[in-house]
Amino acid sequence: MNLQRLTLTDFRNYRRCVWEPSTALSVLTGENGSGKTNFLEALSLLAPGRGLLGSPAHVLPRYGATHWGIAAHLDRNGQQFQLSTGLAEGRGRRIFLLDGERTKTLSEIAHLYSCVWLTPQMERLFLEGASSRRRFLDRLTVALLPDHTQQLMAHERSVMSRNRVLLEQPHETAWLTSLEESISRHAVAATAARLHLVETLAETPFGNESFPQTTLNLHCPVAAALRTSPALEVEDRLRHALQQSREQDRSRKSTSIGAHKADITLQDSMTGREASQSSSGQKKIMLLSIILSHAYAISRIWGHAPVILLDEPLTHLDERRRIILMESLSALQTTTILTGTEAELFAPIKKAASFFHIHDDTLHPA
Ligand SMILES: Nc1ncnc2c1ncn2[C@@H]1O[C@H](COP(=O)(O)OP(=O)(O)OP(=O)(O)O)[C@@H](O)[C@H]1O
């Protein structure tokens, strides 16, 4: 996937920014707060699922603006198209346009465009509660199975309705039964999709051959597992479990079983230890391994490599691993953008990459 031009209008700190990368690999540098993360976020928002599972559309306009827009000219295996997204004036929801036409389904876009994204905030995944790990897992899943978003939204709506009915009309058993049927159907589908993702990632050799024609050997393989209850894999069992838990759920004012209770565990597969006990550098390597394995899985499934966005990928890595990572990335043919505050650290890819410095919401060739 090659990005040819990106235009941001009133997006975050960018009033109007047009960027045309000249090589597949680009390095964006800039001072703290210059807008490096915002720039990568814009490209991530072109992929379906990000808006639903990330920042809501109304927080994205530049302060003082009421709407925002992102437009990308892309080349996918020789096929050129324009993909845009944004919040139009007077509309509450963002829309997607493909070559200027409003898209009908998000899977239409998933066939054409995908990206993988690593941010420093993701390092908190190892320490935070299960809900942020679920969001992370779901975002990866949506890139492979776009319908996953609909399943999750339908599941959430049914869980909220069941909580309300349990509190306000607990004797409406027919209503509760139908909501529990809906929860079971969507929870089983969502669990199957998540398991599919975890299995797909497990098939790609984590931390080793994480991308075609590339060897990323950072010596810290990671194993991901979905911690889920067996009830979540069989509709009848889940329906029965929900029915049995009505009293208990009513007193705790929430539904205790469902797709919203699953968790993923991440382990260092060399030591067998939980990833949360690893060092900062080891955590970073595990995340990089997951993200690049995900990129590999996307390219196998959709037939095109995703855009790769790595925000501060060198932080916490020692010099040897920084060089291995940069050399691996410079072999990729797909648009890959790396950010950092110090351009000098990217010296090993001086020849392969184009360098830009962000200042005053503009990307200046460096
Ligand atoms: N909606 C918005 N309108 C205008 N500015 C915004 C908006 N949202 C965020 N910002 C500002 O954009 C600036 C740039 O943020 P960003 O996180 O992209 O910087 P960065 O270059 O990645 O910084 P760092 O190196 O510290 O990680 C921040 O100062 C933030 O306050």
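Keep in mind it's a predicted model, so treat the numbers as computed, not measured. (Residues numbered from 1 in each chain as written. Predicted model: local features only at pLDDT ≥ 70, side-chain atom pairs only at ≥ 80, totals over all residues. Heavy atoms only, no water.)

**Here's the deal with the overall build of the protein chain**
Helix and strand content of the protein chain: 10 helices and 14 strands. Across the 366 residues in the protein chain, those meeting the buried criterion constitute 54%. As displayed, the protein chain offers around 16500 Å² of accessible surface, 48% of which is attributable to carbon and sulfur atoms. (Helix = DSSP H or I, 4+ residues; strand = E, 2+ residues; numbered from the N terminus. Buried < 20%, exposed > 50% of the residue type's maximum accessible area, 1.4 Å probe, protein only. Areas by Shrake-Rupley, 256 points an atom, 1.4 Å probe, with all protein chains shown as cover.)

**A word on the UniProt feature "domain: ATPase AAA-type core" (unreviewed entry) in the protein chain**
The UniProt record annotates "domain: ATPase AAA-type core" (unreviewed entry) at residues 25-47. The distance from the first to the last C-alpha atom of residues 25-47 is 20 Å, and the span holds 39% helix and 22% strand. (UniProt positions renumbered as here; feature names shortened; annotations may be inferred.)

**Description of the pattern of salt bridges**
With the rule as written, the count across this model stands at 11 salt bridges. Note that Glu20 is salt-bridged to Arg5, the shortest N-O span being 3.3 Å. Within this pair, whereas Glu20 is found in the loop between strand S2 (14-19) and strand S3 (25-29), its partner Arg5 is found in strand S1 (residues 2-11), the two being separated by 15 residues in sequence. You can call Glu20 partly exposed: its relative accessible area is 48%. Salt bridges sharing partners connect three or more residues here, namely Arg162, Glu180, Arg246 and Asp249. (Salt bridge = Lys/Arg side-chain N within 4 Å of Asp/Glu carboxyl O.)

**What to know about the packing of aromatic side chains**
Scanning the model with the defined rule gives 4 aromatic pairs in all. On the numbers, 5.4 Å between centres and 80° between planes, the contact of Trp19 with Phe39 is edge-to-face. Taken as a pair, Trp19 in strand S2 and Phe39 in helix H1 (residues 36-44) lie far apart in primary sequence, 20 residues in all. For the pair Trp19 and Phe39, a shared accessibility class is recorded, and that class is buried. Taken together, the ring pairs connect Tyr14, Trp19, Phe39 and Phe356 into an aromatic cluster. (Phe/Tyr/Trp six-rings, centres within 6.5 Å; stacked < 30°, edge-to-face > 60°.)

**Section: the environment of Leu112**
When you line up the elements, Leu112 lands in the loop between helix H3 (106-110) and strand S8 (115-118). Residues contacting Leu112, with those up to four places away along its chain left out, are Met1, Arg76, Gln79, Phe81, Leu98 and His304. (Contact = heavy atoms within 4.5 Å.)

**Quick notes on the site of the ligand**
Around the ligand lies a shell of 15 residues, among which Gly33, Lys36, Thr37, Asn38 and Pro61 are the nearest. With respect to the ligand, the backbone of Arg12 contributes an N or O atom lying 3.0 Å from a nitrogen atom. Between the ligand and the protein, one listed contact pairs an oxygen atom with a side-chain N or O atom of Asn32 at 3.0 Å. Burial of the ligand by the protein amounts to 72% of the accessible area it has alone, namely 660 Å². A breakdown of the residues in the shell around the ligand according to their chemical character gives 3 nonpolar, 7 polar and 5 charged. (Near = heavy atom within 4 Å. Polar contact = N/O pair within 3.5 Å; in protein donor to acceptor, adjacent residues only side chain to side chain. Nonpolar A, V, L, I, M, F, W, Y, C, P; charged D, E, K, R; others polar.)

**Details of the UniProt feature "binding site: ATP" (unreviewed entry) in the protein chain**
Per the UniProt record, the feature "binding site: ATP" (unreviewed entry) sits at Gly30, Glu31, Asn32, Gly33, Ser34, Gly35, Lys36 and Thr37. Examined against the element boundaries, Gly30 turns out to sit in the loop between S3 and H1. Taking relative accessible area as the criterion, Gly30 reaches 2% and is therefore assigned buried. Each residue touching Gly30, except ones within four places of it in the same chain, is listed here: Lys36, Gly340, Thr341, His357 and Ile358.

**Focus on the sheet that holds strand S4 (residues 68-76)**
Adjacent strands of a sheet form backbone hydrogen bonds with each other and so pair up, either parallel or antiparallel. The strand order across the open sheet formed by 6 strands is S2-S1-S4-S5-S6-S7, and the pairing between neighbours is antiparallel. Each of the sheet's edge strands pairs with one partner strand only, and the pair in question is S2 and strand S7 (101-102). In this structure, S1 lies alongside S2, joined through 5 bridges in antiparallel fashion. Along S2, the bridge assignment pairs Thr7 with Val18. Where H1 meets the sheet, it contacts S1, S2 and S4, and its direction lies at approximately 115° from that of S1. (Pairing = 2+ DSSP bridges. Axes fitted to C-alpha atoms, helices over the stretch in contact; angles between N-to-C directions.)

**Remarks on the sheet that holds S8**
Sheet architecture is open: 6 strands sit in the order S8-S11-S12-S3-S13-S14, paired in mixed fashion. One side of each edge strand has no neighbouring strand; the edge strands of this open sheet are S8 and strand S14 (362-365). With strand direction ignored, the average angle separating the axes of adjacent strands in the sheet is 20°. Taken together, the 4 bridges between strand S13 (residues 354-359) and S14 define a ladder with antiparallel strand orientation.

**Topic: the packing of helix H6 (residues 173-203) against helix H9 (residues 280-302)**
One can describe the packing of H6 onto H9 by two numbers: an axis separation of 9 Å at closest approach and a directional angle of 100°. Considered as vectors, H6 and H9 are oriented roughly perpendicular to each other. The residues of H9 that touch H6, namely those facing Leu197, Thr200, Leu201 and Glu203, are Ile290, Ser293, His294, Ala297 and Arg300. In the contact of H6 with H9, the residues fall into 4 nonpolar, 3 polar and 2 charged. (Parallel < 35°, antiparallel > 145°, perpendicular 65-115°, else oblique.)

**Quick notes on the nonpolar core**
Nonpolar side chains tend to gather and get buried jointly when the protein is soluble and globular. Membership of the largest hydrophobic core comes to 43 residues, with the highest contact counts inside it found for Phe136, Leu310, Phe346 and Ile349. When residues of this core are traced back to their parent elements, those giving at least two are S3, S8, helix H4 (130-144), H6, strand S10 (263-268), H9, strand S11 (307-310) and helix H10 (319-330). Both domains that meet at this core, namely domain 1 (1-114 + 304-366) and domain 2 (128-302), each give it at least three residues. In this structure, Phe346 is in contact with Val27, Leu314, Met326, Leu338, Thr339, Gly340 and Phe355, ignoring residues within four places of it in sequence. In terms of nonpolar packing, the next biggest core, distinct from the first, is built from 38 residues, Ala47, Ala57, Val307 and Ile358 among them. (Core = buried A, V, L, I, M, F, W, Y, C linked by side-chain atoms within 4.5 Å. Domains from an automatic or database assignment.)

**Digging into the confidence of the model for the protein chain**
On average, residues of the protein chain carry a pLDDT of 87, and 90% of them reach 70 or more. Note on residues 206-220: pLDDT is under 50 here. Beyond four places in sequence and across chains, it has 50 contacts. (pLDDT = per-residue confidence, 0-100.)

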